[in-house]
Amino acid sequence: MKAAGNTIELSIGSSFEFLELVSSITINILQMIGFDDDTAQWVELSVRESVINAIKHGNKEDPSKPVDVKFVIGEKEVNVFVRDRGEGFDPSQLPDPLDPENLLNPNGRGIFYMRTFMDEIEYLQHPEGGTIVRMKKMCKAKE
Amino acid sequence: MFSIDQRTSGDVTILDLHGKITIGEGSVQLRETVRKLLDEGKKKLLLNLGDVSYVDSSGIGELVSCFTTTSNKGGQLKLLNLTKKIQDLLMITKLLTVFEVYDDEAAALQSFK
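This is a predicted model, so every value here is computed, not measured.

Colleague: Help me understand the sheet that holds strand 5 (residues 131-138) of chain A, please; the structure alone is not making it clear to me.
Modeller: Within a beta sheet, neighbouring strands are joined by backbone hydrogen bonds and run either parallel or antiparallel to one another. Residues and elements named next belong to chain A. Sheet architecture is open: five strands sit in the order 1-2-3-5-4, paired in antiparallel fashion. Looking at the sheet topology across the chains shown, the edges are occupied by strand 1 (7-13) and strand 4 (120-125). Shown here is a sheet whose adjacent strand axes are inclined to one another by a mean of 15 degrees, direction ignored. Alignment of strand 4 against strand 5, held across six bridges, turns out to be antiparallel. When the bridges of strand 5 are listed, Tyr123 appears paired with Val133. Sheet strands touched by helix 1 (residues 19-33): strand 1, strand 2 (66-73) and strand 3 (77-83). Its angle to strand 2, the strand with the most contacts, is close to 5 degrees.

Colleague: Help me understand the interface of chain B and chain A in this model?
Modeller: Size of an interface: often given as the accessible area lost when the parts come together. At the interface, 15 residues of chain B touch 17 residues of chain A. At the level of secondary structure, the elements contributing two or more residues to the side of chain B that touches chain A comprise helix 2 (57-72) and helix 3 (84-92) of chain B. Per-element tally for the side of chain B that touches chain A: the top contributor is helix 2 of chain B, with seven residues. Grouping the constituent residues of the side of chain B that touches chain A by class yields five nonpolar, six polar and four charged.

Colleague: Honestly, the nonpolar core in this entry has me stumped. Any pointers?
Modeller: One recurring pattern in soluble globular proteins is that nonpolar side chains are buried together. Judged by nonpolar contacts, the single largest core of 30 residues is most densely connected at Leu30, Val43, Val51, Val78, Val82 and Phe117 of chain A. In terms of residues, this core owes the most to one element, helix 2 (residues 37-58) of chain A, which gives nine residues. Residues within four places of Leu30 of chain A in sequence aside, it is in contact with Phe35, Ala40, Val43, Glu44 and Val78 of chain A. If you look at the next biggest cluster of nonpolar residues, it comprises 29 residues, including Ile21, Ile60, Cys66 and Leu82 of chain B.

Colleague: Explain the sheet that holds strand 2 (residues 12-21) of chain B to me, please; I cannot follow it from the model alone.
Modeller: Residues and elements named next belong to chain B. Reading across the sheet, the five strands line up as 1-2-3-4-5 and stay open at both edges, with mixed pairing between neighbours. Of all the strands in the sheet, just strand 1 (2-9) and strand 5 (101-102) have a single pairing partner and so form its edges. Strand direction decides the pairing type here: strand 4 (residues 76-80) and strand 5, joined by two bridges, are parallel. Bridged to Leu80 within strand 5 is Tyr102. Seen against the sheet, helix 1 (residues 26-39) touches strand 1, strand 2 and strand 3 (44-55) and runs at an angle of roughly 170 degrees to strand 2. Running at roughly 145 degrees to strand 4, helix 2 makes contact with strand 2, strand 3 and strand 4 of the sheet.

Colleague: What's the story with helix 1 of chain B in this structure? I'm lost.
Modeller: Residue and element names in this part refer to chain B. Taking 1.5 Å of rise per residue, 14 residues should cover 20 Å, and helix 1 covers 20 Å from first to last C-alpha, within 8% of that figure. Where helix 1 is concerned, the buried positions are Gly26, Ser27, Leu30, Val34, Leu37 and Leu38. Relative to the axis of helix 1, the buried residues are bounded by an arc of 105 degrees and lie together on one face. Those residues of helix 1 that are exposed and angled more than 90 degrees off the buried face are Glu32, Lys36 and Asp39. Elements that come into contact with the buried residues of helix 1 comprise strand 1, strand 2, strand 3 and helix 2. Looking one or two places after helix 1, you find Gly41, whose phi comes out positive at around 85 degrees.

Rules used in this analysis
- Residues numbered from 1 in each chain as written.
- Chains lettered and ligands numbered in written order.
- Predicted model: local features only at pLDDT ≥ 70, side-chain atom pairs only at ≥ 80, totals over all residues.
- Pairing = 2+ DSSP bridges.
- Helix = DSSP H or I, 4+ residues; strand = E, 2+ residues; numbered from the N terminus.
- Axes fitted to C-alpha atoms, helices over the stretch in contact; angles between N-to-C directions.
- Contact = placed C-beta atoms within 7 Å.
- Nonpolar A, V, L, I, M, F, W, Y, C, P; charged D, E, K, R; others polar.
- Core = buried A, V, L, I, M, F, W, Y, C linked by C-beta atoms within 7 Å.
- Buried ≥ 20, exposed ≤ 12 C-beta atoms within 10 Å, placed from the backbone.
- Expected span 1.5 Å × (residues − 1).
- Arc of directions from axis to C-beta.

Written out as structure tokens, the structure reads:
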């Protein structure tokens, strides 16, 4: 696959109006790699959720603070890096949306969906500030 | 784009939702529509999701919020015609144990007490 080994990067302002753009690029990249439609929709949702978190929680919707999205294309995998310019957070302290106490909470499911649909997730601190979430998905061979 | 068509069957208000229920867009409109209906005393609400093309966690959260608001006012809110994606997202977060879900409108309407 010719695209393997390529990196695609974009930087957007902290506005939800850019979500559709990021989604379109995500889906296109996944199709290039050969992801089936079902898997692609879940990966796209995961990327979307991470960008929303970066805008809303990381950058506090400050339009002057960018969100960087980077796709590293492998032969049969994709790694997605989403960076905000926020203060950081401890993902282990997030409430469990499956806890009966939290079931009717209107918020708090985005990261849970990301963890469910992606093969790997990790949170890193950028040396120049901000949090990076790295997500990886392997592309299974189509049946 | 998101839009809502409203119709009634007896004392049940059916909201036919179209498009995307996502952060900032459909979420807000859905919330406002449900609150307006509750303020008008319409407490039996059936959300038809058959034409919802996309939902994110904010959209799921808005469904939950509408359910809670309706229940707190002594009403009932139920879901009709879930797409597979919405069903999966609700199932993964155990919300299928919270909502009453139907794939047949007549059965859904019959279920309102």
